[in-house]
Amino acid sequence: MAEERRQKLCSVILPTESMKAIAESVGVGSLQEESCLALSEEVSYRIKEIAQDALKFMHHGKRRKLTTGDIDHALKLKNVEPLYGFQSQEFIPFRFASGGGRELHFYEEKEVDLSDIINTPLPRVPLDVSLKAHWLSIDGVQPAIPENPPPVPKEQQKTDSTEPLKAVKPGQEEEGSIQTKGQGASSAEVKGKEKMRMKPRSTHELSVEQQLYYKEITEACVGSCEAKRAEALQSIATDPGLYQMLPRFSTFISEGVRVNVVQNNLALLIYLMRMVKALMDNPTLYLEKYLHELIPAVVTCIVSKQLCLRPDVDNHWALRDFAARLMAQSCKTFSTTTNNIQSRITKTFTKALLDDKTQWTTRYGCIAGLAELGHDVIKTLIIPRLSVEGARIKAVMDGPVVSNIDKIGADHVQSLLLKHCACVVAKTRPLPDMVDQYKADYGYLGTMLCSHVVKARAQAAFQAQTVNRTTLTITQPRPTLSMSQSGLSASSGSRTPNIIKVPSSLTLMSTRPGTPTQPSPPATKYIVMATSAGAASTQQVRVLNEFVSLYLSRLPRHLYHFRACLTSDRR
Amino acid sequence: MCLWCRIRQKNPKKKTYYAAHVMTPLLSAPGEKMAAVQDAPMELDSEKETKPEILSDGTSNLSGNTASGTLSSPPLTAGGAPKQEDQQTLIAVLQFLRRNKLTESVDILRREACLEDQEDSQTLDGSGGGKGDGDGGDANSLLSRVSIASAAAPQSTLTPIPVKSEYDQPDVSVVLSAYSQQGDPSLYQVYYTGLKNFIESVLDCHRAELSQLFYPLFVHMYLELVYNNHETKAKAFFEKFSGDQECYYQDDLQILCGLTKKEHLKGNEALLDFRTSRFVLRISRDSYQLLKRHLQERHNNQIWNIIQEHLYIDIFDGMPRSKSQIDSMSGSFAGETRREVNKAKVFYGLLKEPEIEVPLDDEDDEAENEEGKPKKKKTKKDSMGSKSKKQDPNAPQQNRIPLPELKDSDKLDKIMYMKESTKRIRLGPENLPSICFYSFLNAYQGLTAVDFTDDSSLLAGGFADSTVRVWSATPKKLRKVKSAAELNLIDKESDDVLERIMDEKTASESKNLYGHSGPVYGVSFSPDRNYLLSSSEDGTVRLWSLQTFTCLVGYKGHNYPVWDTHFSPFGYYFVSGGHDRVARLWATDHYQPLRIFAGHLADVTCTRFHPNSNYVVTGSTDRTIRLWDVLNGNCVRFFTGHKGPIHSLAFSPNGKFLASGSTDGRVLLWDIGHGLMIGELKGHTDTIYALKFSRDGEILASGSMDNTVRLWDSMKAFDDMETDDFTAATGHIPLPDNSQELLLGMYHSKSTPVTHLHFTRRNLLLAAGAYNSQ
């Protein structure tokens with residue numbers, strides 16, 4: 001401690017080289033070493049003095065950051081002309097250069113073309129100062145509104161869910177210490193404190209406003225008006241007060257997927273996936289506790305055999321891609337050594353992929369899901385399978401016309417494989433790219449893969465040229481999933497009513513799946529897999545169930561959640 | 001130390017003279033006020049202005065003509081030794097006074113500047129001839145004489161306890177002679193280590209007390225080394241022992257470590273203070289005897305000399321204090337408070353409310369009226385414990401300082417206040433206030449100060465871009481008064497004349513006030529809502545009219561940044577404090593200050609009026625709080641204990657207690673009557689910029705840079721503290737560590753530092769701050 005302090009206090013002075021450099025810059029050629037030393041000491045002292053005065057201005061300006069203005073004011077105190085031309089709101093980084101045995105720190109000053117400045121349109125006038133009032137607290141309780149910080153910060157949500165033993169009961173620890181320390185404290189006071197601290201946590205009933213909000217949001221999310229939906233999703237993605245409603249949202253999504261997969265309602269599945277995305281995007285929420293509901297729903301959307309009424313026309317592939325991306329994102333965010341999400345997911349996908357009887361749709365989903373998990377996964381799990389998959393595709397393409405659907409499926413799988421594998425191969429495989437070699441290595445897909453790899457290499461080289469000092473990553477445009485892209489013409493008025501359910505009826509269905517007295521059935525019900533080959537699918541189901549069972553191990557708490565929310569909803 | 005208290009001490013009979021003259025303007029009716037200033041007190045004013053300048057070694061500034069020369073020169077270069085020019089100026093002023101036959105002033109000025117003997121000798125020498133020999137040429141001899149006198153001083157005053165006069169002023173001689181005696185520089189480390197070993201080996205009960213010696217000794221020894229040009233030795237000394245110092249001295253040590261050359265000492269105000277003011281330590285008699293014996297045995301004269309010259313050891317009889325007791329009181333720039341300083345009587349009670357005939361509309365009002373200054377008094381009675389219905393024995397005389405007469409509009413406002421207060425929510429631990437947060441959005445330029453009017457109808461913000469903005473917090477828009485030409489056309493007899501004079505075209509929700517040329521660090525509304533004060537980096541305080549939204553007066557005098565300003569609760573007076581280390585009391589109709597409160601050793605960072613308007617409290621960067629008597633300018637309370645610059649102050653509504661918040665994130669509570677620290681509220685993690693008691697004084701709200709508003713149970717804090725005579729006499733209070741118990745609520749805002757807090761008349765808490773998007 002003392003060591004640390006002493007080090008901090010050590011008087012630092014400017015190096016004499018700086019003095020020399022500055023002297024040279026003002027035209028004093030040779031400066032004696034001694035005078036340099038004297039100068040640097042003096043200058044260091046004066047600079048410190050000014051910095052100390054500038055701190056005063058910072059404190060009175062009620063800031064944490066020292067600005068150039070503060071320095072100017074401090075100079076003014078000393079009757080020194082302030083420095084002109086150093087006004088800057090942002091942080092100006094020093095740049096470092098060395099050469100010729102000298103090290104230099106300098107500001108990067110770019111040459112600016114005056115005509116550019118003149119010709120650029122004027123920046124927009126900044127908004128005027130305005131006043132906004134909100135309730136920070138009402139009778140001692142902080143309302144959960146966007147203007148206030150979230151009642152339960154994300155870090156705490158995280159520790160709650162990852163270390164359930166540590167987070168016994170929020171506030172309990174504190175409470176205990178208070179009670180033991182202050183025995184004289186009146187019980188009424190402690191009670192008041194309890195009320196204040198526990199309220200946002202201990203109840204599972206939503207206020208009337210929250211119930212209304214929930215209803216509005218869910219209806220808008222699955223309703224027919226795209227503008228409303230965008231607004232609702234935006235709200236889910238940004239609102240800090242959603243923590244309490246999270247169990248409801250998660251149930252809504254999982255139930256919604258369960259129902260709509262059976263009914264092959266692609267549009268609604270897409271809407272629900274977008275809700276998952278919005279929840280994930282919300283910076284104040286930590287979803288770990290609810291993954292047991294969300295992951296099965298998402299995985300269902302990736303690998304389900306059929307997601308829409310007319311698989312030959314509708315673009316359910318986009319949904320699979322989108323859901324796969326969501327899956328990858330949640331793997332990245334929530335996978336830990338205890339829950340092993342990523343490895344479990346990988347296993348599930350691989351098993352389905354290895355099965356011969358897997359349908360093209362499920363196969364596509366598995367590959368997409370794996371591919372999104374990153375280059376390493378592609379390299380170890382997909383590329384070795386290329387020749388096998390190639391043979392299978394070839395069988396469909398060249399063989400007798402089985403069904404149009406199979407053909408489309410094979411086609412999509414092929415392009416997906418090419419898309420994902422090309423860049424990985426481009427990175428890992430040494431030059432040159434010989435078609436024959438590729439053919440030998442990857443079989444049927446070899447030829448096409450080769451041309452894709454060549455393209456990928458060219459693109460990478462081009463990017464490396466244009467963008468200086470960036471790592472070689474081929475960024476593929478990631479289409480966001482919306483109705484227009486999904487190919488399902490939801491906007492075309494004629495078909496809408498057939499496909500999209502009346503929102504209110506859906507919410508009714510999904511939020512009240514059964515009577516609350518009924519115990520939640522095992523989570524198997526959520527997963528709807530390709531069922532052409534019975535054995536394979538049950539296997540997959542079993543693997544997926546592992547997830548669920550993991551979360552079910554914490555069941556009592558969650559069940560309590562559900563029951564509470566269901567009962568409150570019913571009321 | 002205040003100028004006026006010194007005058008009073010030295011020359012009791014002068015007091016009336018000054019009080020009479022200076023107070024003349026206060027007493028005079030508004031119409032004739034300027035005339036009153038014009039005649040007699042003219043010289044007085046200039047003289048008054050001059051003195052603080054001399055005393056604070058050129059750090060203060062003045063608007064008078066006499067020292068206009070110093071304004072242009074770098075203000076802080078005068079340094080430890082007053083330069084020849086200063087002496088010359090002094091002498092010139094003296095001559096001027098003599099010529100004008102202002103003999104009393106001459107006496108005082110001479111005393112002030114410690115030129116007594118020199119001048120006397122001079123006047124004796126040249127009594128017959130003109131006084132022309134007093135200037136220029138003699139300055140050198142003057143200086144030498146001063147230094148001789150002071151060089152002799154240490155020997156002559158070698159009494160064990162240097163209790164000369166309690167306001168022992170920093171005299172010029174000390175400044176000159178400080179550190180002139182040479183010790184062997186290489187032995188400093190030995191001395192210090194010797195003392196350290198001794199203190200570490202004494203009994204536990206004495207160790208904590210004697211450890212207080214470390215810091216001042218360390219600083220003085222280091223400065224001596226630096227002063228005598230032993231740079232490397234000084235550095236080595238610093239390296240070796242700086243780690244031993246208490247952590248709350250970090251800031252000072254940081255300043256100190258930059259100082260390595262004799263030349264640096266000259267311009268450094270902080271060190272000048274350290275040398276001129278004596279560091280005060282409180283040590284029990286036993287511990288002191290122990291120390292004395294040790295030093296005498298070892299013949300450790302070096303340390304003994306420093307203790308004699310630069311420290312003031314306040315010895316008390318009784319148990320030595322514990323480490324925590326010492327820590328709670330130390331941390332200021334100049335040590336602790338001397339016990340005698342806080343012995344003066346302070347009339348902290350409230351003034352009697354004027355009787356107002358309330359026009360009775362309904363029963364409620366009637367009941368209110370009969371109970372005689374209802375509700376509010378009642379609740380106050382509870383909080384005060386014993387308070388007579390008529391006149392608080394602790395209250396000052398109603399006319400102790402002249403207060404403006406109540407106008408009809410004021411009476412109306414009082415009635416409104418009483419009506420509102422009947423609807424006030426009684427707060428308590430079970431009944432916390434609601435908080436409404438006013439966020440300033442898009443305040444790119446930086447919000448630096450906020451104030452609400454007492455009735456919460458207006459809100460003013462001071463910004464770093466020199467603007468002041470006034471908002472209406474109610475749906476009622478802000479309107480200007482019509483121009484003079486238009487006003488002529490109005491029927492002055494009509495009933496709604498007040499409404500007619502307003503220009504409807506100018507109605508808007510906010511108004512900008514332009515006039516300052518630097519960041520606005522303080523804003524304060526007048527109680528009648530007609531005026532707004534703002535203080536700025538440009539050295540001025542400006543008075544704005546809220547009728548015309550124009551600047552009425554610019555009060556110049558500080559010349560350096562003015563950090564804070566505050567209106568008296570009765571209007572008319574206001575106080576300001578700034579970088580020049582003085583607080584000034586002004587009346588709105590005088591362009592020069594009525595009082596200058598000098599004594600702080602660093603910037604005066606915040607200023608507040610006592611609810612009875614008879615006192616002013618100031619907080620400073622020197623980490624001390626001072627309470628000043630407006631009547632005579634005395635410093636009547638001096639509180640130490642903060643470990644960082646003080647940025648917020650608040651009086652409890654009954655006037656009995658004071659709360660202060662500082663950069664160290666702690667709120668300290670003080671009992672003004674007894675002059676004691678009675679509580680410490682820990683919890684904030686950053687500077688506390690806002691403090692406010694609820695209207696009944698039951699809850700203390702604090703707002704901080706850490707984006708939280710915290711509510712504390714102030715009643716409990718005050719009740720827990722029994723201040724009997726013994727504790728009052730010794731000032732040693734065991735502070736309970738009960739911050740957690742007292743904390744009633746904590747509310748986070750969303751990256752919005754809390755700049756201001758205000759309780760409405762119905763006890764709704766309003767908070768304000770600028771939203772910070774990064």
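Cut-offs used in this document
Residues numbered from 1 in each chain as written. Chains lettered and ligands numbered in written order. Predicted model: local features only at pLDDT ≥ 70, side-chain atom pairs only at ≥ 80, totals over all residues. Heavy atoms only, no water. UniProt positions renumbered as here; feature names shortened; annotations may be inferred. Helix = DSSP H or I, 4+ residues; strand = E, 2+ residues; numbered from the N terminus. Buried < 20%, exposed > 50% of the residue type's maximum accessible area, 1.4 Å probe, protein only. Contact = heavy atoms within 4.5 Å. Areas by Shrake-Rupley, 256 points an atom, 1.4 Å probe, with all protein chains shown as cover. pLDDT = per-residue confidence, 0-100. Axes fitted to C-alpha atoms, helices over the stretch in contact; angles between N-to-C directions. Parallel < 35°, antiparallel > 145°, perpendicular 65-115°, else oblique. Left-handed = near helix turned anticlockwise from the far one by under 90°. Nonpolar A, V, L, I, M, F, W, Y, C, P; charged D, E, K, R; others polar. Core = buried A, V, L, I, M, F, W, Y, C linked by side-chain atoms within 4.5 Å. Salt bridge = Lys/Arg side-chain N within 4 Å of Asp/Glu carboxyl O. Disulfide = S-S within 2.5 Å. Buried area = accessible area lost by both parts, 1.4 Å probe. Polar contact = N/O pair within 3.5 Å; in protein donor to acceptor, adjacent residues only side chain to side chain. Pairing = 2+ DSSP bridges. Expected span 1.5 Å × (residues − 1). Arc of directions from axis to C-beta.

- Chain B carries the name Transcription initiation factor TFIID subunit 5 in an unreviewed UniProt entry, which gives Sinocyclocheilus grahami as its organism.
- In its Subcellular location (unreviewed entry) section, the UniProt record describing chain B reads: "Nucleus".
- The record in UniProt for chain B states the following under Sequence similarities (unreviewed entry): "Belongs to the WD repeat TAF5 family."

- Chain A goes by Transcription initiation factor TFIID subunit 6 in an unreviewed UniProt entry, where it is assigned to Sinocyclocheilus grahami.
- As stated in UniProt under Subcellular location (unreviewed entry), the record for chain A gives "Nucleus".
- The Sequence similarities (unreviewed entry) comment attached to chain A in UniProt states, word for word, "Belongs to the TAF6 family."

Some thoughts on the overall build of chain A
In step 1: Per the secondary structure count, chain A includes 26 helices and 3 strands.
In step 2: The buried share of chain A, reckoned over its 571 residues, is 43%.
In step 3: Restricting to contacts in chain A with at least 6 residues of sequence separation, those with at least 24 account for 66%.

Quick look at the overall build of chain B
In step 1: Within chain B, the regular secondary structure consists of 28 helices and 31 strands.
In step 2: In chain B, which comprises 774 residues, the share counted as buried stands at 60%.
In step 3: When the accessible surface of chain B is split by element, carbon and sulfur atoms take 52% of a total near 29,900 Å².

Some words on the confidence of the model for chain A
Residue and element names in this part refer to chain A.
In step 1: Taken over all residues, the pLDDT of chain A has a mean of 72, while the share at 70 or more is 68%.
In step 2: By mean pLDDT, helix H24 (residues 503-511) is the weakest element of chain A at 34, and strand E3 (residues 130-137) is the strongest at 90.
In step 3: Throughout residues 1-7 the model reports pLDDT below 50, and contacts reaching past four residues in sequence, or to other chains, amount to 8 contacts.

Concerning the packing of helix H13 (residues 291-303) of chain A against helix H15 (residues 341-354) of chain A
In a packed pair of helices, the relevant descriptors are the angle between the two axes and the axis-to-axis distance.
Residues and elements named next belong to chain A.
In step 1: The contact between H13 and H15 brings their axes to 13 Å, and the two run at 30°. The pairing of H13 with H15 is recorded here as roughly parallel in orientation. Relative to H15, H13 is oriented so that their crossing is right-handed. Along the contact surface, H13 presents Leu291, Ile295, Val299, Ile302 and Val303, while H15 presents Ile341, Ile345 and Phe349.
In step 2: Grouping the constituent residues of the contact of H13 with H15 by class yields 8 nonpolar, no polar and no charged.

Remarks on the nonpolar core
Residues and elements named next belong to chain A.
In step 1: Counting 96 residues, the largest nonpolar core has Ile253, Met273 and Leu449 as the members making the most contacts within it.
In step 2: Per element, the largest residue contribution to this core is 13 residues, and it comes from helix H12 (residues 266-281).
In step 3: Residues within four places of Leu449 in sequence aside, it is in contact with Leu386, Leu418, Cys421, Ala422, Val425, Tyr438 and Tyr442.

Let's talk about the UniProt feature "repeat: WD" (unreviewed entry) in chain B
All names here are of chain B.
In step 1: Mapped onto this numbering, the UniProt entry gives "repeat: WD" (unreviewed entry) at residues 440-481, 513-548, 555-586, 597-638, 639-672 and 681-713.
In step 2: The straight-line gap between the two end C-alpha atoms of residues 639-672 is 10 Å; of that span, 0% is helix and 56% is strand.
In step 3: Structurally, residues 681-713 is divided into 0% helix and 58% strand, and its ends, taken at the C-alpha atoms, are 10 Å apart.

Thoughts on the pattern of salt bridges
Two side chains of opposite charge can pair, provided their charged atoms sit close to one another.
All names here are of chain A.
In step 1: This model, assessed by the stated rule, comprises 42 salt bridges over all chains.
In step 2: A salt bridge links Lys277 to Asp281; its shortest N-O distance comes to 3.5 Å. A residue pair is termed a helical-turn pair when its members lie 3 or 4 positions apart in one helix, as Lys277 and Asp281 do in helix H12 at 4 residues.
In step 3: Assessed through its relative accessible area of 29%, Lys277 is described here as partly exposed.
In step 4: A salt bridge links Glu389 to Arg363; the nearest nitrogen and oxygen atoms lie 3.0 Å apart. Placement of the pair is Glu389 in helix H18 (residues 386-398) and Arg363 in helix H16 (residues 360-372), with a sequence separation of 26 residues.
In step 5: On the basis of relative accessible area, Glu389 is assigned to the buried category, the value being 2%.
In step 6: Overall, the relative accessible area of 0% leaves Arg363 in the buried class.

Section: the state of the cysteines
Residue and element names in this part refer to chain A.
In step 1: Scanning all chains against the criterion turns up 0 disulfides over all chains.
In step 2: Unpaired in terms of disulfides, Cys421 finds its nearest cysteine sulfur in Cys423, a separation of 8.1 Å.
In step 3: Overall, the relative accessible area of 1% leaves Cys421 in the buried class.

A short note on the interface of chain A and chain B
In step 1: Each partner contributes to the interface: chain A provides 56 residues, whereas chain B provides 79 residues.
In step 2: Here chain A and chain B share an interface that buries about 6,000 Å² over both sides, 55% of which is from carbon and sulfur atoms.
In step 3: Applying the counting criterion to the chain A and chain B interface returns 4 salt bridges.
In step 4: Between Glu537 of chain B and Lys76 of chain A there is a salt bridge; the shortest N-O distance is 3.3 Å.
In step 5: There are 17 residue pairs in polar contact (both at pLDDT 80 or more) connecting chain A and chain B.
In step 6: Elements with a contribution of two residues or more to the side of chain A that touches chain B: helix H1 (2-9), helix H3 (33-60), helix H4 (68-77), E3, helix H7 (172-181) and helix H8 (187-202) of chain A.

Observations concerning the sheet that holds strand E26 (residues 688-693) of chain B
The strands making up a sheet associate through hydrogen bonds between their backbones, and the pairing can be parallel or antiparallel.
Residue and element names in this part refer to chain B.
In step 1: Strand order in the open sheet formed by 4 strands is E26-E27-E28-E29, and the pairing between neighbours is antiparallel. Looking along the sheet, the strands with just one partner apiece sit at the ends: E26 and strand E29 (743-748). Pairs of neighbouring strands in the sheet enclose a mean axial angle of 15°, with direction left out of account.
In step 2: Here strand E28 (residues 708-713) pairs with E29 via 5 bridges, running antiparallel. The residue of E29 that forms the bridge with Leu711 is Gly745.

Points about H18 of chain A
All names here are of chain A.
In step 1: For H18, spanning 13 residues, the distance from its first C-alpha to its last is 17 Å, which sits close to the expected 18 Å at 1.5 Å a residue.
In step 2: If you check which residues of H18 are buried, you get Leu386, Glu389, Gly390, Arg392, Ile393, Val396 and Met397. For H18, the buried positions fall inside an angular range of 165° around the axis, keeping them on one side. Exposed residues on H18 whose side chains face more than 90 degrees from its buried face are Ala395 and Asp398.

A word on the packing of H15 of chain A against H16 of chain A
Residues and elements named next belong to chain A.
In step 1: Between H15 and H16, the shortest axis-to-axis distance is 9 Å and the interhelical angle comes to 145°. At the point where H15 passes H16, the crossing takes the left-handed sense. Within the contact between the two elements, H15 uses Thr346, Phe349, Thr350, Ala352 and Leu353 and H16 uses Arg363, Cys366, Ile367, Gly369 and Leu370.
In step 2: Among the residues forming the contact of H15 with H16, the class breakdown is 6 nonpolar, 3 polar and 1 charged.

Some points on the environment of His264 of chain B
In step 1: With respect to the element layout, His264 of chain B can be found in helix H16 (residues 262-267).
In step 2: For His264 of chain B, a relative accessible area of 1% corresponds to the buried category.
In step 3: For His264 of chain B and Tyr227 of chain B, which are 37 residues apart along the polypeptide, the C-alpha to C-alpha distance reads 9.2 Å.
In step 4: In contact with His264 of chain B, not counting residues within four places along its chain, are Glu42, Tyr45 and Arg46 of chain A together with Gly258 and Leu259 of chain B.

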